[in-house]
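Each chain, written out:
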Amino acid sequence: MSLGDFLKGLFKDNKLVFSPKINLSINIGSGNNKGNTIIYDKRKQLARIDVSQLSNGKKARLQKLLKPQLDTDTPLLDSEYKAKAEDYKEKIRQPDNQVLLNFFANILPQEDLNILRAALYIRTIFKEHHGDVTQLKSQLINQHGIRAANITNLCSAGYFESWIKPLYEEMNKKPGFKKENFLEIYEEIVRYSPFAFFVNRVMSDSEVVQHIMTKIERMKRYGIKTLNIHGIGHSNVAKVKNALEAIEKKIKFTKSILEEDNIIVTKLHFE
Amino acid sequence: MLQSITFDKSAARFILEAFEKTVDKEGYLIEKETGDHVLSKNGEHIHISEFGGIAKGSEIYLKSDIVSMIDFVEKQA
């Protein structure tokens, strides 16, 4: 007996008409059908079976018929899990997400790409529904550690589009560019992102100084003594340099600067 | 033509029984015969509350967390 024949029997017992030609989905529950063995939702083309209404013989028969379904590439999925998986598919296929993932597909390490997928999904949920994403973030961090938290925060703040992608594009223009050069800076960004400040075009020189000073004060309170300042593009590189001059007059710190064409990464160490 | 098979949490144990699995006192999936823990693809124990389903590949038991779910979807694509 096939699963189709079994269903046909259940439909017949319940005086329902079953057409084997239709594309049918099955949902199995217990106590879900208000006392009916099977209910057919025509719109969803979904047959709902209530196993608590089946005789022991029919239960055993259904269980026996489920196993071979895996071989036909039909996974048996928790209904909430399936809904979540479909939601993920729909959200990750959005053009913005696909553009970014395709861009980084052959650039980022595989683990980071997986984290980025999850981070983009989390960001999309938050953007569209302002939903609570705490649990999803915790699950991601449980699996991938603090790196996942950093990538998720960078992604939520739009830094993959506004900073990391342009950084790669800028570095890629340089003759003799190697992906490893980019990954070195990328690693610095990901690892130290909680201790970093990204200068952007809309900030004035004085705003840059003010933001950096506020960040340094906050970090000092937590005993953190390092801050990375990133700038990309001529004007932002100049802003970083001007800010350093201004901050040097206010507090004591040592610095190391990595500067390449239009990119600057400054590591400040303060007491 | 069968499109998909899903189950509600209320029928999770029924599904597990079909594959000779059950749950231990703490609610973790185990082999009915040996009592060994059923492992996810990442080698983790699976609690009934986070049991996401079973996929092909000599029976892959799915956890319902975001990482396992994305891995499942991406491998299916």
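Residues numbered from 1 in each chain as written. Chains lettered and ligands numbered in written order. Predicted model: local features only at pLDDT ≥ 70, side-chain atom pairs only at ≥ 80, totals over all residues. Heavy atoms only, no water.

Taken together, the 39 residues of chain B in the interface contact 46 residues of chain A. Approximately 3,900 Å² of surface area, both sides summed, lies buried where chain B meets chain A, with 60% of it carried by carbon and sulfur atoms. Considering only the side of chain B, the residues that lose the most area to chain A are B:Ile5, B:Phe14 and B:Ile66, jointly responsible for 19% of the buried surface there. Applying the counting rule to chain B against chain A returns five salt bridges. We note a salt bridge from A:Lys67 to B:Glu20, for which the minimum N-O separation is 3.1 Å. Of all the secondary-structure elements, those providing two or more residues to the side of chain B that touches chain A are β1 (2-7), α1 (12-18), β4 (51-55), β5 (60-63) and α2 (66-76) of chain B. Of all the elements, α2(B) adds the most residues to the side of chain B that touches chain A, at nine residues. Here the side of chain B that touches chain A is built from residues that sort into 19 nonpolar, ten polar and ten charged. Pairing analysis gives five bridges linking strand β1 (residues 24-29) of chain A to β1(B), with the strands arranged parallel. (Contact = heavy atoms within 4.5 Å. Buried area = accessible area lost by both parts, 1.4 Å probe. Salt bridge = Lys/Arg side-chain N within 4 Å of Asp/Glu carboxyl O. Helix = DSSP H or I, 4+ residues; strand = E, 2+ residues; numbered from the N terminus. Nonpolar A, V, L, I, M, F, W, Y, C, P; charged D, E, K, R; others polar. Pairing = 2+ DSSP bridges.)

Before going further, it helps to examine the sheet that holds β1(B). Sheet strands pair via backbone hydrogen bonds, and the direction of the pair is either parallel or antiparallel. Pairing is mixed in the open sheet, where seven strands are placed in the order β2(A)-β3(A)-β1(A)-β1(B)-β4(A)-β4(B)-β5(B). Each having just a single partner strand, β2 (38-41) of chain A together with β5 of chain B make up the two edges of the open sheet. Mean inter-strand twist for the sheet, computed between neighbouring axes without regard to direction, equals 20°. With three bridges joining them, strand β4 (residues 76-78) of chain A and β1(B) adopt parallel strand pairing. Its bridge partner lying in β1(B), A:Asp78 is registered against B:Phe7. Helix α2 (residues 56-71) of chain A contacts β1, β3 (46-50) and β4 of chain A together with β1 and β4 of chain B of the sheet and is inclined by roughly 120° relative to β1(B). (Axes fitted to C-alpha atoms, helices over the stretch in contact; angles between N-to-C directions.)

So, about the layout of surface pockets. Residues and elements named next belong to chain B. Taken as a whole, the largest pocket encloses approximately 270 Å³ of empty space. Lining the largest pocket are 18 residues, with Lys-41, Ala-55, Ile-60, Leu-62 and Phe-72 sitting closest to its centre. Of all the elements in the fold, those that place two or more residues in the lining of the largest pocket are β5 and α2. Considering each element in turn, the lining of the largest pocket owes the most residues, five residues, to α2. (1 Å grid on protein atoms, 1.4 Å probe; cavity = no way out; pocket = protein on both sides within 12 Å on 5 of 7 lines; lining within 4 Å. Points joined across faces, edges and corners; volume = space filled by probe spheres on them.)

A word on the sheet that holds strand β6 (residues 226-232) of chain A. All names here are of chain A. Strands sit in the order β5-β6-β8-β7 across an open sheet of four strands; the sheet is mixed. Of all strands in the sheet, those with a lone pairing partner are β5 (196-198) and β7 (253-260), marking the two edges. Each strand axis lies, on average, 15° off the axis of its neighbour in the sheet, ignoring direction. Alignment of β7 against strand β8 (residues 263-270), held across eight bridges, turns out to be antiparallel.

Attention shifts here to helix α3 (residues 79-92) of chain A. Spanning 14 residues, α3(A) covers 20 Å between terminal C-alpha atoms, matching the ideal 20 Å at 1.5 Å per step. For α3(A), every residue scored as buried is listed here: A:Tyr81, A:Ala85, A:Tyr88, A:Lys91 and A:Ile92. Down the axis of α3(A), the buried side of the element spans an arc of 130°, and every buried residue falls inside it. Buried residues belonging to α3(A) abut β4, α4 (95-104) and α5 (110-129) of chain A together with β4, β5 and α2 of chain B. Its side-chain oxygen at 2.8 Å from the backbone nitrogen of A:Glu80, A:Asp78 defines the N-terminal cap of α3(A). (Expected span 1.5 Å × (residues − 1). Buried < 20%, exposed > 50% of the residue type's maximum accessible area, 1.4 Å probe, protein only. Arc of directions from axis to C-beta. Polar contact = N/O pair within 3.5 Å; in protein donor to acceptor, adjacent residues only side chain to side chain.)

What follows deals with the packing of α4(A) against α5(A). When two helices pack together, their arrangement is given by the angle between their axes and by how far apart the axes lie. Residues and elements named next belong to chain A. Remark: α4 packs on α5, axes separated minimally by 11 Å, with the N-to-C direction vectors making an angle of 170°. With respect to their mutual orientation, α4 and α5 come out roughly antiparallel. The handedness of the crossing between α4 and α5 comes out as right-handed. Residues Asn-97, Leu-100, Leu-101 and Phe-104 of α4 form the contact with α5, whose own contacting residues are Leu-113, Leu-116, Arg-117, Leu-120, Arg-123 and Thr-124. Across the contact of α4 with α5, the residue classes break down as six nonpolar, two polar and two charged. (Parallel < 35°, antiparallel > 145°, perpendicular 65-115°, else oblique. Left-handed = near helix turned anticlockwise from the far one by under 90°.)

This part is about the packing of aromatic side chains. Taken as a whole, this structure holds 13 aromatic pairs over all chains when the rule is applied. Centre to centre, the rings of B:Phe7 and B:Phe51 are 5.5 Å apart; their planes meet at 25°, and the pair counts as stacked. Of this pair, B:Phe7 sits in strand β1 while B:Phe51 sits in strand β4, and the two are 44 residues apart along the sequence. For B:Phe7, a relative accessible area of 1% translates into the label buried. Put simply, the rings of A:Phe103, A:Phe104, A:Phe160, A:Tyr168, A:Phe177, A:Phe182 and A:Tyr186 touch in pairs and so form one group of aromatic residues. Across the ring face of A:Phe103, the terminal group of A:Lys165 is positioned such that the distance to the ring centre comes to 5.1 Å. The ring of A:Tyr192 has A:Lys267 lying over it, and the distance from NZ or CZ to the ring centre is 4.0 Å. (Phe/Tyr/Trp six-rings, centres within 6.5 Å; stacked < 30°, edge-to-face > 60°. Lys NZ or Arg CZ within 6 Å of the ring centre and 35° of its normal.)

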